[in-house]
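Summary of the model geometry
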2 protein chains.
Amino acid sequence: MADYQAPLRDMRFVLNEVFKVNELWASLPRLAETVDADTADAILEEAGKIASATLAPLNREADEQGCDWNEGEVTTPHGFKEVYQLLSEGGWMGLGGNPEYGGMGMPKVLVAQFEEMIQGACMSFGLSPMLNAGACVSIDYHASEALKQKYLPNMYAGTWAGAMDLTEPHAGTDLGIIRTKAEPNADGSYNITGTKIFITWGEHDMAENIIHLVLAKLPDAPAGPKGISLFLVPKVLVNDDGSLGERNHVACGSIEKKMGIKASATCVMNFDGAKGWLVGELNQGLACMFTMMNYERVGVGIQGLGAAEASYQSAVEYARERIQSRSPAGAQNPDKAADPIIVHPDVRRMLMIQRAYNEAGRAFSTYAALWLDISKYSDEPEQKALAENMVALLTPVVKAFITDKSLESAIHGQQVFGGHGFIREWGQEQLVRDIRITQIYEGTNGIQAMDLMGRKTVMNGGEFVQQYLNEIRAFADSAKGTAAEQFVAPLMQEVSNLQDVTEAVIARAKGGDRFAVGAAAVDYLHLFGYVSYAYMWAKMVAVAGDKLAEDQSFYQAKIDTAKFFYSRLLPQTRALSAQILAGGDSLMALDAAQF
Amino acid sequence: MADYQAPLRDMRFVLNEVFKVNELWASLPRLAETVDADTADAILEEAGKIASATLAPLNREADEQGCDWNEGEVTTPHGFKEVYQLLSEGGWMGLGGNPEYGGMGMPKVLVAQFEEMIQGACMSFGLSPMLNAGACVSIDYHASEALKQKYLPNMYAGTWAGAMDLTEPHAGTDLGIIRTKAEPNADGSYNITGTKIFITWGEHDMAENIIHLVLAKLPDAPAGPKGISLFLVPKVLVNDDGSLGERNHVACGSIEKKMGIKASATCVMNFDGAKGWLVGELNQGLACMFTMMNYERVGVGIQGLGAAEASYQSAVEYARERIQSRSPAGAQNPDKAADPIIVHPDVRRMLMIQRAYNEAGRAFSTYAALWLDISKYSDEPEQKALAENMVALLTPVVKAFITDKSLESAIHGQQVFGGHGFIREWGQEQLVRDIRITQIYEGTNGIQAMDLMGRKTVMNGGEFVQQYLNEIRAFADSAKGTAAEQFVAPLMQEVSNLQDVTEAVIARAKGGDRFAVGAAAVDYLHLFGYVSYAYMWAKMVAVAGDKLAEDQSFYQAKIDTAKFFYSRLLPQTRALSAQILAGGDSLMALDAAQF
């Protein structure tokens, strides 16, 4: 397995050149005080070192070792505690956190790069800072001042770690039917009782305390999703002076044996009258969760991307070193028995697919993060409103499309290795196993597609899509005269096609076809994703063309990869459009018994 | 995990109704004596029982347990020895074997169904009868009469097991550079020395002896593939009276830790002056291997299919039982908290994809097996020649397209399970891990695509493709007036498009584009595969339409699944054609250093 190298050059290209984040930061008052180009650069540099030199070397062994459960205690693999400590001491656990409570207040575009590096180095470990950050967002946005003061500083410091407790054995996608109960106490706290499953890092030995955010229902709560509330339930109760008190009635019943991310603990958590405190309003638990979800879902997309980048790096190194057969153009390596396999067109095809998806994924997740930052920091109502719509629209695509394409990317990376790709010591198969979960958790990719097609598109008559397509159209106008001009016509054709398909599905749904949204959703999300990647590639080329003289090799590779994307991957939109327009009748034709 | 049930009803549909194999058998003299409808039916029934009741229950635990290596000895998981014994005693190890040496002489179309069941029940185990059968084919076709008499009866009886030893650490795809040496002895035998890797079931405790077929080179052999010979190297030497003699100098150095098929032993085999006997002519080793390869590669396609069928069965059961959220058409299960997830269009989409691919895959592998049978048993030169061309053309597609679609199918099956799909005890993730190898071994799917596009298409100017398309055209003519008529126009459009694309690639290759074949290969194989599945679905519908009155539920489901395939999957050909026609320039643009 090649050593993972944080792709800093590409990250800087996306941040500084494609999105010119410094200009944006300077325009947003609160960010202008916190971050500038030098700070950002130092953060990238340091994060890259930790990811490449400290965390990545643990990844393979940690997969073999896994976590140990013993009477409710979870022991983490070799080295995890030390990296956790290192990240905590460096302030990384609160990188995007609220400075009022000890966070570093960095914008999401920067946090996204940190996340990609950590996930690229080791997905199992990377879940820990990711979930902590998500829990902090929920607390920061919705908890009382007292709870914030009591919990956030230690969570940002990594002394305590966050966990999200949503799923129950009978309730995954359908959280409306959860059974965990919250009974009010006289002192304003609640007693939480129930069983949660699939709780990532619900228990471990890396932090002094674990702060669970738990969905539960009051005894008299309305049925369904409108009766769900969110509670903060610490593993160890915290005294008024901030010191740790008694152990709360929260216990890890077992950990799961999984396909991948084996070095992370996926816990069954039992709450047996555990003391908890309400976060946000009663029965508004799902809304409080969704604040966090936008960050978390973008984070899961980035997670897939990080691992796919690790796969690419390793596949490239193997393809350069492994010699096997001769180039169709004749021996390139005549003094050796065979040529390096990178000479073969089909090996290149696989590597080019990886590049084309990974780099577009990095640009696209950064683009979504940019809108998250604008929605959070902008004081201009119109800009803020647009940003909120863009976040709502793009989040499910970032989560699902990037993870789908990351699995595809890693499968290609594994294939480059031939038989060695199937052997554990080479590391490629682990990346496939690890990435697979990103398509499933934080809302399956099917659920993301329903969210995009239903709530974010059909329900508002396509308004958000229209706003997004207008962004692309505005870019296309500005791209005339740049190197991206060659892609403007095909991009505009895709935009117009996406608009037609969107309108067709909306019309079908409004016309009374109750299955229209579900039948179109996943193909529609993919269509949307391809158009978005085409947009990203055009944006990257527009910049790369101007800079060719500075670094021909680097920038020409961007233009060539864009050509590959447009000619060899983007045609997928033809198939997807036809599939969507074919409708859902053939899906619903069979009785359940006929399957 | 649902219990695996051998899909006998569907197999009979394909064999008896779609391909009317009985009529074919009656027309082929040697087969007419060996097999008839009743025999075939009894074989299917009995194989189904063994697969479902005896082998399938071992699959999950065997994956956890794996094989143990200890000082060269390999211990198989719990229960494997007993099933191996049961299959041996029942004559299953020689099901397709030559009756002159104790085989049962059954046609490949029937053996294919047996293979699917065994692979569907447990892929790791299923490799053992599969490799034994492959080794027997090589010996039967190429070895001397003495070797055949000495080895085949015990191999058909399962007393001895076969293994294929091709790959070396530095030579996988590129067998021309193998280093294993064969030095002639005075008695006509050879001393074999070298190291082979990735040798499936190269060592185990299920049989009394293991018969290795080893590729090696004589000291004075020509360089490259033309200097490779094939040798039979028994683990234990066999005395002239057929009894076991001394241990040969063959040893298993270690077994691999793998992503999947963990219950099979993937061995490093060390040959240290081991005694071996030439099979076939000197320096004709690759040709001897390729005889076996056509069977083996069809077998690997079937292997993927078997596991994908297991995934489908399990996903359907889960989708019927798991309740979560409400149907978009309103509550279907009003007295429960939610509806079974099979009501959701996107869950159906995943199950329909599995059905559409799996059933077409079964028909297509059976179709290829039919041509294998004709090429072997026909006495009519013209029919035999056509069959040989069809076998050559279709084999790489059966291997690569079925396994690619089987992975896709199993990923959908896993996705139906949501988070539970990632947990080992549910079994779905194992199927994904297991199927993944079928895209890699027996020639990677990229190599299959090169074979199809290069040797089987460009090199003969598209003659085989033309013959195949003529078969489809003849079917289309005959389908008028049947239920398949609705699919004739789209099928003919696909045929014509495939012809155009084929001609375009041939022209490009003949025009001097040395990368034309490699750049088009994988997309072309997929295009070819989709058209072939469209052909299979039309053939199935032509039959199903006539039988609706007999079993409405069963036959209507075929027609509905065909509609799903044509409207929701077949549009992929549009993307693939555009990608192929875009050419390979964008693949080759980057220098190796730019990756």
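Residues numbered from 1 in each chain as written. Chains lettered and ligands numbered in written order. Predicted model: local features only at pLDDT ≥ 70, side-chain atom pairs only at ≥ 80, totals over all residues. Heavy atoms only, no water.

The next thing to look at is the overall build of chain A. Counting its regular elements, chain A contains 20 helices and 11 strands. By the compact-globule yardstick of 25 Å for 595 residues, chain A fits well, its C-alpha radius of gyration being 24 Å. The C-alpha extent of chain A, read off along each of the three principal axes, is 80 × 60 × 60 Å. Scored against the burial criterion, the 595 residues of chain A give a buried share of 67%. Within chain A, residue pairs in contact and separated by at least 24 positions form 74% of the contacts whose partners lie at least 6 positions apart. When the accessible surface of chain A is totalled, it reaches about 19,400 Å², and 50% of it is carbon and sulfur. (Helix = DSSP H or I, 4+ residues; strand = E, 2+ residues; numbered from the N terminus. Rg over C-alpha atoms; globule rule 2.2 N^0.38 Å. Buried < 20%, exposed > 50% of the residue type's maximum accessible area, 1.4 Å probe, protein only. Contact = heavy atoms within 4.5 Å. Areas by Shrake-Rupley, 256 points an atom, 1.4 Å probe, with all protein chains shown as cover.)

Moving on to the interface of chain B and chain A. On the side of chain A, 93 residues touch chain B, which itself brings 93 residues to the contact. Across the chain B to chain A interface the summed buried area is about 8,000 Å²; carbon plus sulfur atoms make up 59%. Linking chain B with chain A are 2 salt bridges, by the criterion used here. Here A:R568 makes a salt bridge to B:D523, at a shortest N to O gap of 3.2 Å. The tally of links between chain B and chain A comes to 49 residue pairs in polar contact (both at pLDDT 80 or more). With 10 residues, the top contributor of residues to the side of chain B that touches chain A is helix 18 (residues 552–569) of chain B. (Buried area = accessible area lost by both parts, 1.4 Å probe. Salt bridge = Lys/Arg side-chain N within 4 Å of Asp/Glu carboxyl O. Polar contact = N/O pair within 3.5 Å; in protein donor to acceptor, adjacent residues only side chain to side chain.)

A few words on the side chain of A:H204. All names here are of chain A. Mapped onto the fold, H204 is located in the loop between strand 5 (190–200) and strand 6 (209–216). Of the polar contacts made by the side chain of H204, one reaches the backbone nitrogen of M206; its length is 3.0 Å. Beyond its immediate sequence surroundings of up to four residues, H204 is in contact with V74, T76, A161, I210 and K235.

Let us now look at the relation of the copies chain B and chain A. Both copies of the chain are placed relative to one another by a rotation about an axis and a shift along it. Screw-axis analysis of chain B against chain A gives a translation of 0.0 Å along the axis, an RMSD of 0.0 Å, and a rotation angle of 180°. The superposition operator between the copies reduces to a two-fold rotation axis. Relative to the rotation axis, the C-alpha of B:A575 is the closest in chain B, positioned 2.8 Å from it. Counting the interface residues of chain B, we find that 100% of their copies in chain A are interface residues as well, pointing to one common contact surface. (Least-squares fit on C-alpha atoms with pLDDT ≥ 70 in both.)

Another point: the UniProt feature "domain: Acetyl-CoA dehydrogenase-like C-terminal" (unreviewed entry) in chain A. The UniProt entry lists residues 469–591 of chain A under the feature "domain: Acetyl-CoA dehydrogenase-like C-terminal" (unreviewed entry), expressed in the numbering used here. Secondary structure content for residues 469–591 of chain A is 81% helix and 0% strand, and the end C-alpha separation is 39 Å. (UniProt positions renumbered as here; feature names shortened; annotations may be inferred.)

Position of A:L278 among the secondary structure elements: in strand 11 (residues 266–279). Expressed as a C-alpha distance, the spacing of A:L278 and A:G511, which sit 233 residues apart in the sequence, is 42 Å.

Among the secondary structure elements, B:D560 is positioned in helix 18. A C-alpha to C-alpha distance of 47 Å links B:D560 and B:H142, two positions 418 residues apart in sequence. Residues within four places of B:D560 in sequence aside, it is in contact with A:A589, A:L590 and B:M352.

Here the focus is the pairing of strand 7 (residues 229–234) of chain B. Regular strands have side chains that alternate between both faces of the sheet. Residues and elements named next belong to chain B. For strand 7, the buried fraction is high: 6 of the 6 residues fall into the buried class. In the sheet, strand 6 (residues 209–216) pairs with strand 7 via 6 bridges, with the strands oriented antiparallel. Each residue of the ladder has a partner; that of H212, found in strand 7, is V233. Pairing of strand 7 with strand 11 (residues 266–279), which is carried by 3 bridges, proceeds in the antiparallel orientation. Looking at the pairing, L230 lines up with V279 of strand 11. (Pairing = 2+ DSSP bridges.)

Here we come to the UniProt feature "domain: Acyl-CoA dehydrogenase/oxidase N-terminal" (unreviewed entry) in chain A. As recorded in UniProt, the feature "domain: Acyl-CoA dehydrogenase/oxidase N-terminal" (unreviewed entry) lies at residues 39–158 of chain A. Along residues 39–158 of chain A, the helical share is 67% and the strand share 5%, with 21 Å between the first and last C-alpha atoms.

In this section: the pattern of salt bridges. A pair can form between side chains of opposite charge whenever their charged atoms are brought close. Residue and element names in this part refer to chain A. Taken as a whole, this structure holds 53 salt bridges over all chains when the rule is applied. Across the pair D451 and R455 runs a salt bridge whose closest N-O atoms are separated by 3.6 Å. In this pair, D451 and R455 both sit in helix 14 (residues 445–458), 4 residues apart, roughly one turn of the helix. A single network of salt bridges, built from pairs that share partners, joins R60, D63, E64, R424, E429 and R433.

Moving on: unusual backbone geometry. Of note in the backbone geometry, A:I261 takes a positive phi value of approximately 30° without being a glycine. Of note, A:I261 is situated in the loop between strand 10 (250–255) and strand 11.

For the coordinates displayed, the defined rule picks out 54 aromatic pairs over all chains. Measuring from ring centre to ring centre gives 4.2 Å for B:Y318 and B:F417, while their planes differ by 20°; the resulting arrangement is stacked. With B:Y318 in helix 10 (residues 285–321) and B:F417 in the loop between helix 12 (381–416) and helix 13 (428–436), the pair connects residues that are 99 residues apart, well separated along the chain. Just as B:Y318 is buried, B:F417 falls in that class too. One aromatic cluster in this structure is built from A:F19, A:Y367, A:W371, A:Y468, A:F475, A:Y524, A:F528 and A:Y535. The residue whose ring lies beneath A:R9 is A:F554, and the NZ or CZ to ring-centre distance is 3.9 Å. (Phe/Tyr/Trp six-rings, centres within 6.5 Å; stacked < 30°, edge-to-face > 60°. Lys NZ or Arg CZ within 6 Å of the ring centre and 35° of its normal.)

Residue pairs three or four apart in sequence face the same way in an α-helix, which turns once every 3.6 residues. Here helix 12 (residues 381–416) of chain A is 36 residues long and its end C-alpha atoms lie 50 Å apart, about the 52 Å a rise of 1.5 Å per residue gives. Once helix 12 of chain A finishes, A:G418 follows within two positions and takes phi at roughly 55°, a positive value. (Expected span 1.5 Å × (residues − 1).)

In this structure, A:F565 and B:F565 are the most contacted members of the largest nonpolar core, which totals 412 residues. Tallying contributions element by element places helix 17 (residues 516–547) of chain A first for this core, with 23 residues. Not counting residues within four places of it along the chain, the set of residues in contact with B:F565 comprises B:A356, B:Y357, B:Y530, B:Y533, B:A534, B:W537 and B:L570. Listed in part, the 32 residues of the second largest apolar core include B:L131, B:A135, B:L152 and B:Y156. (Core = buried A, V, L, I, M, F, W, Y, C linked by side-chain atoms within 4.5 Å.)

With that out of the way, let us pick up the environment of B:L213. All names here are of chain B. Assignment of secondary structure puts L213 in strand 6. Its relative accessible area of 0% is what places L213 among the buried residues. Look past the residues within four positions of L213 in its chain and what remains in contact with it is A135, S138, I139, A163, M164, D165, L230, F231, L232, V279 and M289.

Next up on the list: the packing of helix 1 (residues 8–18) of chain B against helix 4 (residues 37–55) of chain B. Helix-helix packing is described using two parameters, namely the angle between the two axes and the distance between the axes. Residue and element names in this part refer to chain B. Where helix 1 contacts helix 4, the two axes come as close as 11 Å, and the packing angle between them is 155°. In terms of orientation, helix 1 and helix 4 fall into the roughly antiparallel class. In this structure, helix 1 crosses over helix 4, and the sense of that crossing is right-handed. Every residue of helix 4 that contacts helix 1 at L8, R12 and L15 is listed here: D41, L44 and E45. Among the residues forming the contact of helix 1 with helix 4, the class breakdown is 3 nonpolar, no polar and 3 charged. (Axes fitted to C-alpha atoms, helices over the stretch in contact; angles between N-to-C directions. Parallel < 35°, antiparallel > 145°, perpendicular 65-115°, else oblique. Left-handed = near helix turned anticlockwise from the far one by under 90°. Nonpolar A, V, L, I, M, F, W, Y, C, P; charged D, E, K, R; others polar.)

All names here are of chain A. In contact at an axis separation of 10 Å, helix 16 (residues 485–510) and helix 17 are set at 160° when each is read in the N-to-C sense. The angle between helix 16 and helix 17 places the two elements in the roughly antiparallel class. The crossing of helix 16 and helix 17 is left-handed. Across from F487, L491, E494, V495, N497, L498, V501, T502, V505, R508 and A509 in helix 16, the residues of helix 17 making contact are A516, V517, A520, Y524, L527, F528, V531, A534, Y535, A538 and V541. Among the residues making up the contact of helix 16 with helix 17, the classes are represented as 18 nonpolar, 2 polar and 2 charged.

Turning next to the state of the cysteines. Residues and elements named next belong to chain A. Across all of its chains, the model carries 0 disulfides over all chains by this definition. For the unlinked cysteine C122, the closest cysteine sulfur is that of C67, found at 10 Å. Look at C122 and you get buried, because its relative accessible area is 0%. (Disulfide = S-S within 2.5 Å.)

Attention shifts here to helix 12 of chain B. At B:L394, helix 12 of chain B is deflected by roughly 35°, the largest bend along its length, and proline B:P396 occurs up to four residues later in sequence. Burial runs high along helix 12 of chain B: 28 of the 36 residues are buried. (Bend = angle between axes of the 7 residues up to and from the residue.)

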